[in-house]
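# Summary of the model geometry
One-letter residues, chain by chain:
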Amino acid sequence: MKPLQVGLLGIGTVGSGTFKVLQRNQEEIRHRAGRGIEITMVADLDVARAKAVVGEGVKVVGDAREVIANPQIDIVIELIGGYGVAKTLVLEAIAAGKHVVTANKALLAVHGTEIFAAAHAKGVMVAFEAAVAGGIPIIKALREGLTANSIQWIAGIINGTTNFILSEMRDKGLDFDTVLKEAQRLGYAEADPTFDIEGVDAAHKATLMSAIAFGIPVQFDKAHVEGITKLAAQDIKYAEQLGYRIKLLGITKRSAKGIELRVHPALVPSKRLLANVEGAMNAVVVNGDAVGTTLYYGKGAGSEPTASAVIADLVDITRLHTADTEHRVPHLAFHPEAILANKGDLPIVPMSEVVTSYYLRLRVADEAGVLARVTSLLAEAGISIDAVLQREADEVGGEGSTQTDLIILTHDTREGTLDEVLARVQGLPSVLAPIVRIRKEELS
Ligand SMILES: NC(=O)C1=CN([C@@H]2O[C@H](COP(=O)(O)OP(=O)(O)OC[C@H]3O[C@@H](n4cnc5c(N)ncnc54)[C@H](O)[C@@H]3O)[C@@H](O)[C@H]2O)C=CC1
Ligand SMILES: N[C@@H](CC=O)C(=O)O
Ligand code: NA
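In this text, all values refer to a predicted model and were calculated from it rather than measured experimentally.

So, about the UniProt feature "binding site: L-homoserine" (unreviewed entry) in the chain. Residues annotated by UniProt as "binding site: L-homoserine" (unreviewed entry) correspond here to Glu190. Note that glutamate 190 resides in the loop between helix H9 (176-185) and helix H10 (194-197). For glutamate 190, a relative accessible area of 24% gives the class partly exposed.

The next subject is the site of ligand 2. All residues in the neighbourhood of ligand 2 are listed as Lys105, Asn159, Gly160, Thr161, Tyr188, Ala189, Glu190, Asp196, Asp201, Lys205, Gly300 and Ala301. Between asparagine 159 and ligand 2, the recorded distance is 3.4 Å, taken from a side-chain N or O atom to an oxygen atom. In this structure, a nitrogen atom belonging to ligand 2 sits 2.6 Å away from a main-chain N or O atom of tyrosine 188. Out of a free accessible area of 250 Å², ligand 2 has 94% covered by protein chains. Among the secondary structure elements, those contributing two or more residues to the shell around ligand 2 are helix H8 (160-172) and helix H11 (200-214). Across the shell around ligand 2, the residue classes break down as three nonpolar, four polar and five charged.

Turning our eyes to something else, we now look at the nonpolar core. Counting 80 residues, the largest nonpolar core has Ile138 and Val286 as its most contacted members. Non-local contacts of isoleucine 138, meaning those with residues more than four positions away in its chain, are made with Glu129, Val132, Ala133, Met209, Val284, Val286 and Tyr296. Listed in part, the 33 residues of the second largest apolar core include Leu4, Val14, Ile29 and Val315.

One non-glycine residue, alanine 133, adopts positive backbone phi at about 55 degrees. Inspection of the secondary structure puts alanine 133 in the loop between strand E6 (126-127) and helix H7 (138-145). Look at leucine 443: it is not a glycine, yet its phi comes out positive at around 55 degrees. Looking at where leucine 443 falls in the secondary structure, it is placed in the segment after strand E17 (436-440). Accessibility expressed as a relative area gives 16% for leucine 443, which makes it buried.

In this section: the pairing of strand E9 (residues 244-255). Of all 12 residues making up E9, nine are buried, and the element is well covered by its neighbours. Summarising the sheet, strand E7 (residues 151-157) and E9 pair through four bridges and their orientation is antiparallel. Counterpart to tryptophan 153 in the pairing with E9 is lysine 253. Bridge analysis of E9 against strand E10 (residues 258-269) gives 12 bridges, and the strand direction is antiparallel. Across the sheet, lysine 253 pairs through a bridge with glutamate 260, a residue of E10. Joining the antiparallel neighbours E9 and E10 is a turn of two residues.

Rules of the game
- Residues numbered from 1 in each chain as written.
- Chains lettered and ligands numbered in written order.
- Predicted model: local features only at pLDDT ≥ 70, side-chain atom pairs only at ≥ 80, totals over all residues.
- Heavy atoms only, no water.
- UniProt positions renumbered as here; feature names shortened; annotations may be inferred.
- Helix = DSSP H or I, 4+ residues; strand = E, 2+ residues; numbered from the N terminus.
- Buried < 20%, exposed > 50% of the residue type's maximum accessible area, 1.4 Å probe, protein only.
- Near = heavy atom within 4 Å.
- Polar contact = N/O pair within 3.5 Å; in protein donor to acceptor, adjacent residues only side chain to side chain.
- Areas by Shrake-Rupley, 256 points an atom, 1.4 Å probe, with all protein chains shown as cover.
- Nonpolar A, V, L, I, M, F, W, Y, C, P; charged D, E, K, R; others polar.
- Core = buried A, V, L, I, M, F, W, Y, C linked by side-chain atoms within 4.5 Å.
- Contact = heavy atoms within 4.5 Å.
- Pairing = 2+ DSSP bridges.

Here it is in structure tokens:
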């Protein structure tokens, strides 16, 4: 049978990895897919660079629309990125009856509903394994392997750049900007790295997992998004002393009030596997009612790890596209219905209603009775304390210092309740600086 013809839009980090891996493993991939898969046309603004990657025999053009207009092309891979031209091109490819594979989480988290609806209407697939946790087959796990379960929660380290920054800062004492530059050099960071460091990229990915796990529409606009730029080195140090590591987590969770969808730094007990995920590695923990807790670990960014997921989607689509209707294997297909069905009974829970525990750091006057005043305000609000760490003033502010740090770990409380009581604590004359508050996730 004639190989399936693929058009590639954008041959940068992920695109070049996709081309190389598809070429290197072409025989095995052909056997597994039941048919050859060939990238026969590539579009990139930098035509010379693209030609240098693909060599002779593959048509390279500067205008992506030429690829979409080619009737020989069955599948279009979009690896340009962003919400702009990529959205237009994906919608045009769908309108032309092409299946689409994309790694573009930003596009799908924001415009997914429109894109999936267009694909559904046209009877084509939009596959996006590479968009969440790069090479880790988490979309496939959620859609297929865990399909028997009522998913309870998902928590993951789903941004390689920020995990790399946190690890390198902690282990090598390097500063934030140096490590970010290295992450960019290694091809982990987004074109706009503020998406990484401010938690936006992780929120895009959490939004997609939430939609698949809970059958809700993609709702990035309702996600709570906090990055790592406000984290202070001393909180990383104090957390370690208390038996925790700070990680940027993407969390989506079923609760009595709906679905939680949030990205923020969190203290994770050091003994948890997630706390020990280092560098650009990603890990996602999924808890289902039948299976319990499962863990998925691997490279979430980089050229060939991400290409691995892009090609897995190509193979899935090839199998489905090639099988006759009688022998189709529908579970391999991406079912947009799950996402398009708006389950109005599952709203995204506002952060004030989220229940979790907290790490609090208070810079206080080093005088008698401060701890008692703070803890009694917390107790009045029904917030119980798990642990307290009080530093020696000399250690914190140098010899003769009159200030010290008070670190409090709370038990679970409603975020709205904590906000109210912290406003009162902040007003105490002995509290000398804005209170630092970091959520704590036990993940059990
Ligand atoms: N780099 C990584 O580790 C990962 C990236 N992704 C996603 O994969 C996508 C691609 O990312 P990278 O390969 O890192 O980006 P990149 O910046 O290395 O590559 C993008 C390519 O698209 C080309 N391009 C830009 N505008 C174009 C246009 N109008 N027509 C044709 N080509 C155009 C650029 O010249 C460049 O070669 C993004 O959506 C990104 O979020 C997803 C997972 C991991
Ligand atoms: N910028 C992203 C790339 C993969 O999605 C990351 O750092 O994880
Ligand atoms: Na993936």
